[in-house]
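Listed below, chain by chain, are the residues.
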Amino acid sequence: MRASLPSALLAFTLAVPLATLPPLPLAAQEIVRDSLPGQRLSWELVRVPGGTVTVPGADGPVTRTVESFLIGRTEVPWELYDVFYLRLDVPRDQRSQVDARARPSRPYGAPDRGFGHRGYAAISLTHGSAVRFAAWLSERTGHTYAVASEAQWQRAADLAAAGTTPSASTDADAARARLDRIAWHAGNAEGTPHPVGTREADALGLFDLLGNVGEWTTADDGTPMLRGGSYLTRRDDLAPTYRERQVPAWNSTDPQDPKSRWWLSDGPFAGLRLVRIP
């Protein structure tokens, strides 16, 4: 079953007034809007305060200090990714001249897998595709965008996930109920991703940081890590520490040799959420 996209959330990409978006929780530090020159596309970012985090290291957990940064309020939707991959920022008669190494090739089959396109998170993306997209967006906007480091993503998740795990102040039932309200997971998603921003915002004012689609990050040693779980992840496994490393099964049906560096033929759960360095 496809979920419909509330008209309020179209503000992410259609540049309608900020007032139509759901309000930010008090925990949010600052909200910034950015846009793509020449396109009627805009998006919001939330400032994440700096701090220390614990992330996996080669020899066990390590502590990292993270400087303040901005993070997308939602996962990157198809409307924005389409401009990059379909070369919509280039005059039609010049699109065939764009360096094929700099933009994604056409995937085999529909990239959205029929789940939905307008308002849905871009999926089936490789880590390399996410890195290239961030570089392109940086060039187009004049701001520094990047795939989040694992430490940056962990910092945002630690602040965002308040109330989603049992603690001295939150019992197990309340934690599960809170998680259900902010995340699409295997128990409530009915086997499909959903439009961005259709669950409640989390404690940081972000949507879908946990669940819906996984989000590429880069670990300390440069290894791509998919964070946050997806619509296929069990609720009991969905937590700020959830991480996945790409395995061959994510691209097993790609007929190319070598496999596509842009698309995951069997990874309709892999998306991205960018960070911006102020």
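Structure first, text after, so check above.
Predicted, not measured: the structure shown is a model, and the values here were computed from it.

**Topic: the environment of V90**
Thinking step 1. Inspection of the secondary structure puts V90 in the loop between helix 2 (78–85) and helix 3 (127–141).
Thinking step 2. Beyond its immediate stretch of four places on either side in the chain, V90 contacts R95, V98 and R103.

**Thoughts on the nonpolar core**
Thinking step 1. Ranked by size, the top nonpolar core spans 41 residues in total, and within it Y81, F133 and L137 carry the most contacts.
Thinking step 2. Breaking this core down by element, the ones donating at least two residues are strand 2 (42–48), helix 2, helix 3 and strand 6 (144–147).
Thinking step 3. Ignoring sequence-local partners within four residues, the contact set of L137 consists of L36, W43, L80, Y145 and L274.
Thinking step 4. In terms of nonpolar packing, the next biggest core, distinct from the first, is built from 23 residues, W153, A157, A161 and I182 among them.

**Let's talk about helix 3**
Thinking step 1. For helix 3, spanning 15 residues, the distance from its first C-alpha to its last is 21 Å, which sits close to the expected 21 Å at 1.5 Å a residue.
Thinking step 2. All of the buried residues along helix 3 are H127, S129, A130, F133, A134, W136, L137, S138 and T141.
Thinking step 3. Remark: G142 follows helix 3 within two positions and exhibits a positive phi of approximately 80 degrees.

**A few points about the sheet that holds strand 10 (residues 270–271)**
Thinking step 1. In space, the four strands of this open sheet follow the order 9-8-7-10, with mixed pairing throughout. Edge positions in the sheet fall to strand 9 (243–244) and strand 10, since each of these pairs with one other strand and no more.

**Some points on the side chain of D82**
Thinking step 1. One can find D82 in helix 2.
Thinking step 2. Here D82 occupies a buried position and makes no salt bridge, while the nearest side chain of opposite charge, R106, is found at 8.2 Å.
Thinking step 3. Residues in contact with D82, not counting those within four places in the same chain, are R87, L88 and H117.

**Thoughts on the pattern of salt bridges**
Thinking step 1. Across all of its chains, the model carries 16 salt bridges by this definition.
Thinking step 2. Linking E200 and R178 is a salt bridge whose minimum nitrogen-to-oxygen distance equals 3.1 Å. With E200 in the loop between helix 5 (172–182) and strand 7 (214–218) and R178 in helix 5, this residue pair connects regions lying 22 residues apart in the sequence.
Thinking step 3. With its nearest N and O atoms 2.8 Å apart, the salt bridge here joins R235 to D180. Note that R235 is positioned in the loop between strand 8 (224–227) and strand 9 and D180 in helix 5, a separation of 55 residues in sequence.
Thinking step 4. Taken together, the shared-partner salt bridges connect R33, E44 and R73 into one network.

**What about the environment of L159?**
Thinking step 1. Structurally, L159 can be placed in helix 4 (residues 150–160).
Thinking step 2. Residues contacting L159, with those up to four places away along its chain left out, are V48, P49, A203 and L204.

**Points about the pairing of strand 1 (residues 31–35)**
Thinking step 1. Residues of strand 1 alternate between two faces, with V32 and D34 buried on one and I31, R33 and S35 left unburied on the opposite face.
Thinking step 2. Pairing analysis gives five bridges linking strand 1 to strand 2, with the strands arranged antiparallel. Its bridge partner being in strand 2, I31 is matched across the sheet by V46.
Thinking step 3. Counting the residues that bridge the hairpin from strand 1 to strand 2 gives six residues, and of these G38 lies at a positive phi of roughly 85 degrees.

Thresholds applied
- Residues numbered from 1 in each chain as written.
- Predicted model: local features only at pLDDT ≥ 70, side-chain atom pairs only at ≥ 80, totals over all residues.
- Heavy atoms only, no water.
- Helix = DSSP H or I, 4+ residues; strand = E, 2+ residues; numbered from the N terminus.
- Contact = heavy atoms within 4.5 Å.
- Core = buried A, V, L, I, M, F, W, Y, C linked by side-chain atoms within 4.5 Å.
- Buried < 20%, exposed > 50% of the residue type's maximum accessible area, 1.4 Å probe, protein only.
- Expected span 1.5 Å × (residues − 1).
- Pairing = 2+ DSSP bridges.
- Lys, Arg positive; Asp, Glu negative; His and termini not counted.
- Salt bridge = Lys/Arg side-chain N within 4 Å of Asp/Glu carboxyl O.

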